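# Working through the structure, step by step
Chain residues, written in single-letter form:
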Amino acid sequence: ITQLRSLDSMRRDFISNLSHELRTPVSVIRANSETLIDGAIEDKIQARIFAKAILHNAERLSDMVSSLLDLSRIEYGELKLNFEEINLDLFIQNYIQSVANLSKKKEINIIYKPEHKGTVNADLQAIERIMNNLIDNAIKYSENGSDITILTSNESDNYIKVMVKDTGEGISDEDKNHIFSRFYRTASARATDNQGSGLGLAIVKHLVNNLNGEVGIESKPQEGSIFWFTLPNY
């Protein structure tokens, strides 16, 4: 009975959070569409502004729905993982090259400092998804011209640890307790234009857990953050 009550409470919280997150982009799309219909479409400059707002919020909705579907598949075990031996060093080197254009937009330098030995037993696409979310967040919340550092180490004889370090404003102790929850965004994140789905870190946590690893964060306000995860050795 206690477990059923807990699940029911989680369901209510999920529906409440989802409704809250959907309300804003839907309202913006509706308001801008009505404004265009009421005559703003005749003004090319204003019409372009309103159309861009509609597109931006439609993309937010699309990203949210896609992330929700992915998260549901992971949680219910519908995501099939292909475990194999992966050369983590080679993967990270290739990965940094693949995201070079994203970091160049803000003149951010991605530095790699490998200190691990051995290979990992994991799913290649899952690792890439994890890194995409962590690096995307690091780029979003880092200052122009700053550095993002990817570090690795042997956590133990059985695990390799991957760390993504930024020089952003950091995260408070209170936020750290919720940062991997669905839809959770810090106050500073909500106050900026970096409006994501709030699901990226939840997906990271579930993917890492499905890869038999652990995930966490080390951070202090104004001192940047280190998001880390572990993967089992091959």
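## Some details on the side chain of Ser103
Tracing the chain through its elements places Ser103 in helix α4 (residues 100-104). Since its relative accessible area comes to 5%, Ser103 is described here as buried.

## Details of the pattern of salt bridges
On inspection of all chains with the given rule, the structure shows four salt bridges. The closest approach of N and O atoms between Glu34 and Arg30, which form a salt bridge, is 3.1 Å. With Glu34 and Arg30 both in helix α1 (residues 2-37) and four residues apart, the pair spans about one turn of that helix. Judged by relative accessible area, Arg30 falls into the exposed class, the value being 58%. Here Lys176 makes a salt bridge to Asp173, at a shortest N to O gap of 3.0 Å.

## What about the pairing of strand β6 (residues 215-219)?
Looking down a regular strand, the side chains alternate between one sheet face and the other. The element β6 is largely enclosed, with a buried count of four among its five residues. Examined bridge by bridge, β6 and strand β7 (residues 225-232) share five bridges and lie antiparallel to one another. When the sheet's bridge partners are listed, Glu218 is paired in β7 with Ile226. Linkage of β6 to β7, two consecutive antiparallel strands, is achieved through a turn of five residues, within which Gln222 is found at a positive phi near 70°.

## Considering the nonpolar core
The biggest cluster of nonpolar side chains holds 46 residues, and the ones touching the most others in it are Ile127, Met131, Ile135, Ile150 and Phe229. For this core, the element with the highest residue contribution is helix α5 (residues 124-140), accounting for eight residues. Aside from chain neighbours lying at most four places away, what touches Ile127 is Ile86, Phe91, Val120, Ala122, Leu211 and Leu231. Core analysis: the second largest hydrophobic core is formed by seven residues, Ile29, Leu36, Ala47 and Ile54 among them.

## Quick word on the packing of α5 against helix α8 (residues 200-210)
Each pair of packed helices gets described by two things: the angle between the helix axes and the distance between those axes. Running from N to C, α5 and α8 cross one another at 150°; their axes reach a closest spacing of 9 Å. Every pair of crossing elements has a handedness; the one defined by α5 and α8 is left-handed. The segment α5 lies against α8, with Ala126, Arg129, Ile130, Asn133, Leu134 and Asn137 engaging Gly200, Leu201, Ile203, Val204, Leu207 and Val208. Looking at side-chain class alone, the contact of α5 with α8 contains eight nonpolar, three polar and one charged residues.

Criteria and cut-off values
- Residues numbered from 1 in each chain as written.
- Predicted model: local features only at pLDDT ≥ 70, side-chain atom pairs only at ≥ 80, totals over all residues.
- Heavy atoms only, no water.
- Helix = DSSP H or I, 4+ residues; strand = E, 2+ residues; numbered from the N terminus.
- Buried < 20%, exposed > 50% of the residue type's maximum accessible area, 1.4 Å probe, protein only.
- Salt bridge = Lys/Arg side-chain N within 4 Å of Asp/Glu carboxyl O.
- Pairing = 2+ DSSP bridges.
- Core = buried A, V, L, I, M, F, W, Y, C linked by side-chain atoms within 4.5 Å.
- Contact = heavy atoms within 4.5 Å.
- Axes fitted to C-alpha atoms, helices over the stretch in contact; angles between N-to-C directions.
- Left-handed = near helix turned anticlockwise from the far one by under 90°.
- Nonpolar A, V, L, I, M, F, W, Y, C, P; charged D, E, K, R; others polar.

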